[in-house]
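Read off the chains here:
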Amino acid sequence: MAKNNKANNMGKTKRSTDDLIDNAIAQQNDWMENRRTFARRFLKTLNIFARPNPKNEQGESIPLSSESSKSRRTGLAAYWFPILCAVMVVLIAVWVAFFHSANDKIVVVPSVAEPKIQAVVENPVPSFDIVRIEPEGNIIVAGRWLADNSISVVINGDIVATERTDKNGEFVYSPNRKFEPGNYTISLIGVEGNIKSEENVFVYVSERGYANSVSLLMTEDGSTLLQAPTMLVDGDLVVSKIDYLDTGRIVVTGDSLPRLRVSLSLNDKYLGFARVSDHKHFGLGADVGTLETGKEYKLTIRLHDGDGRTIAEVTREFTMPEMTGDDDTYYTVRKGDCLWIIARNFLRRGILFSIIAERNNIENPDLIFPKQLLQIPTGASK
């Protein structure tokens, strides 16, 4: 009984294994059939545009006539659609690679200047912009300092007004009163901290009106003309005396507009220049060598503005007289003169002023007076 049960169990196991194998084979066959079906459909799709050979009722191909064979498509022509698509893809690729340029929007960015780093001034000082003499005779002063601060205008050492700067640090002083003819020195003082301007402005108000007036900005480096005379008349440049010394030196004295420059030329040869004093006087000495007796010479004195342009000219033509052999000459002191300048003009060097003081019995060389007649020992400079 037990032996029969064992046999029955083995048979059941064998049959179960056969079923699994049969199922696997059946699934493989189904998969292969699906592959074949898919392949047939794909090939049918590729040959959909091909012209098949005509067949008879038995399914045999009917041979084409010679005329038909000529028009028969080749193997490649049968696949004209895929080939056409491939050609189009190639053409598009070539067009994109070599002919097509993207119309990118070009944005032009304006150039921006690099920011300037300005030095921060810890203690700014007041400064001038303009100083102008008006036709009515009043003076306009404009300048700048710290924003929203008080600034005082000083004329000839006296504070005449205190103005307020705006948010940009600018101010204007414009009094209605008329200024009398004469010289004026203008400076500025910042009220906060009592800071004085490093530069001053010299103003000359002419008796002939604003057209002959002058204003100059005075700095450590020199002067800059702010307002030049617009019209000169006779008397704005006057040569009062010409001295020729037996030392071969010529000295010219005269009067002109204050603080401007006067130059000297002999026969158009430039000899030098001098500044006109605040009192309108000038003196200029230069070495010219030995002048021949009886020969004609031309001496030219020119007045220049702040830009160096000639605004007035005086020419003196003379015939050189015979020298008397006198070693001394005379000079009349004018307002603003000092022995140092007189010695520089006549004796070449200002340090020789003591010779003039000794010849004229002057105890204090710093004290001379206008209209004082001085004897100049010109032979002392030989």
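Keep in mind that this is a model prediction, so the values were computed, not measured.

So, how was this worked out
Counting from 1, residues in each chain are numbered in the order their sequence is written. A pLDDT threshold of at least 70 governs which residues receive local features in this predicted model, and a stricter bar of 80 or more applies before side-chain atom pairs are shown or counted, although totals over entire chains, interfaces and linings include all residues. The basis for the side-chain values is all heavy atoms of the structure; hydrogens and waters are excluded. Strands are treated as partners if at least two bridges between them are detected by DSSP. Here a helix means four or more residues in a row that DSSP labels H or I, a strand means two or more in a row labelled E, and each is numbered from the N terminus. Think of each axis as a best-fit line through the C-alpha atoms, taken over the contacting stretch in the case of a helix, with angles from 0 to 180 degrees between the N-to-C directions. In this description, contact between two residues means that some pair of their heavy atoms is separated by no more than 4.5 Å. Three exposure classes are used, based on accessible area relative to the maximum for each residue type with a 1.4 Å probe and protein chains only: buried under 20%, partly exposed in between, and exposed over 50%. The pairing test for Phe, Tyr and Trp rings, Trp by its six-membered ring, is centres within 6.5 Å, and the orientation test on the planes gives stacked under 30 degrees, edge-to-face over 60, and tilted for anything in between. For a Lys NZ or an Arg CZ to count as sitting over a ring, it must be within 6 Å of the ring centre and within 35 degrees of the ring normal. This arc is taken over the directions from the axis of the helix to the C-beta atoms. In this scheme, patches are assembled from residues that exceed 30% relative accessible area and form no salt bridge. Like charges are connected within 9 Å, while nonpolar side chains (Val, Leu, Ile, Met, Phe, Trp, Tyr) are connected within 5 Å. Each accessible area value is a Shrake-Rupley result obtained with a 1.4 Å probe; residue values ignore everything except the protein chains displayed when judging cover. By convention in these notes, a salt bridge is any Lys or Arg side-chain nitrogen within 4 Å of a carboxyl oxygen on Asp or Glu. To define a nonpolar core, start from buried Ala, Val, Leu, Ile, Met, Phe, Trp, Tyr and Cys residues and group those joined through side-chain atoms within 4.5 Å. The predictor's confidence in any single residue is recorded as pLDDT, a number from 0 to 100.

Caption draft 1: Up close: the sheet that holds strand β15 (residues 281-287). A sheet is described by the order of its strands in space; here three strands give the open sequence β11-β12-β15, paired in antiparallel fashion. With partners counted over all chains shown, the strands left at the sheet margins are β11 (237-244) and β15, one partner each. Along the sheet, successive strands turn relative to each other by an average axial angle of 20°, direction set aside. Across seven bridges, β11 lies against strand β12 (residues 249-256) in antiparallel orientation. Pairing of leucine 237 across the sheet is with serine 256, part of β12. Most of the contacts of helix α4 (residues 339-347) go to β12, to which it runs at about 135°, and overall it touches β11, β12 and β15.

Caption draft 2: Just the pairing of strand β2 (residues 139-144), in detail. Counting buried positions over the six residues of β2 gives five, a clear majority of the element. Sheet analysis places strand β1 (residues 127-133) next to β2, joined by six bridges and oriented antiparallel. Of the residues in β2, the one forming a bridge with isoleucine 130 is alanine 142. Hairpin connection, β1 to β2: the antiparallel pair is bridged by five residues, and glycine 137 has positive phi, about 100°.

Caption draft 3: Structural context of the pairing of strand β14 (residues 269-275). Where strand β13 (residues 261-266) lies against β14, six bridges are found, and the strand directions are antiparallel. Looking across to β14, one finds that valine 262 is bridged to alanine 274. Counting the residues between successive antiparallel strands, the hairpin from β13 to β14 contains two residues, one of them, asparagine 267, with a positive phi of roughly 55°.

Caption draft 4: How the structure looks around the packing of aromatic side chains. Scanning all chains against the criterion turns up four aromatic pairs. With 5.7 Å between their ring centres and 65° between their planes, tyrosine 331 and phenylalanine 346 make a pair best called edge-to-face. Within this pair, whereas tyrosine 331 is found in strand β18 (residues 328-332), its partner phenylalanine 346 is found in helix α4, the two being separated by 15 residues in sequence. Owing to a relative accessible area of 6%, tyrosine 331 belongs among the buried residues under this scheme. By relative accessible area, phenylalanine 346 is classed as buried at 1%. Residues tryptophan 340 and phenylalanine 353 carry aromatic rings whose centres are separated by 6.2 Å and whose planes lie at 40° to one another, so their mutual orientation is tilted. With a gap of 13 residues between them, tryptophan 340 in helix α4 and phenylalanine 353 in helix α5 (residues 353-359) connect regions that are remote in the sequence. Phenylalanine 353 gets classed as partly exposed once you look at its relative accessible area, which sits at 25%. Its guanidinium or amino end placed over the ring of phenylalanine 179, arginine 177 lies 4.0 Å from that ring's centre, counting from NZ or CZ. The ring centre of phenylalanine 202 lies 4.1 Å from the NZ or CZ of arginine 259, which sits over that ring.

Caption draft 5: Here's a closer look at α4. Within the span of α4, buried status applies to Leu339, Ile342, Ala343, Asn345, Phe346 and Leu347. Projected down its long axis, α4 carries its buried residues within an arc of 165°, all on one side. Contacts from the buried residues of α4 go to β11, β12, β15, β18, α5 and β19 (373-377). The positive-phi residue at the C-terminal boundary of α4 is arginine 348, with phi of around 80°.

Caption draft 6: Here's a closer look at the side chain of serine 187. With respect to the helices and strands, the residue serine 187 is situated in strand β6 (residues 182-190). A relative accessible area of 18% places serine 187 in the buried class. Those residues in contact with serine 187 that lie beyond four places of it in its chain are Phe128, Ser152, Val153, Val154, Ser197 and Asn200.

Caption draft 7: Layout of a nonpolar patch on the surface. Side chains of Trp80, Phe81, Leu84 and Met88 sit close together on the surface and give an oily, nonpolar patch of about 390 Å² of accessible area. Inspection of the secondary structure assignment puts phenylalanine 81 in helix α3 (residues 80-98).

Caption draft 8: Spotlight on the nonpolar core. The biggest cluster of nonpolar side chains holds 28 residues, and the ones touching the most others in it are Leu264 and Ile301. Among the elements of the structure, β8 (200-205), β9 (214-219), β11, β12, β13, β15, β16 (296-304) and β17 (310-319) are those that each provide at least two residues to this core. Among the elements that take part in this core, β16 stands out by supplying four residues, more than any other. Setting aside its immediate chain neighbours within four residues, isoleucine 301 contacts Leu237, Val239, Val252, Val262, Ser263, Leu264, Phe282, Ala312, Glu313 and Val314. The next biggest cluster of nonpolar side chains, apart from the first, holds 20 residues, and it includes Phe128, Ile155, Val201 and Val203.

Caption draft 9: Broad picture of the confidence of the model for the protein. Averaged over every residue, the pLDDT of the protein is 78; the share at 70 or more is 76%. Of the regions scoring below 50 in pLDDT, residues 117-121 engages in zero contacts with residues more than four places distant in sequence or in other chains.

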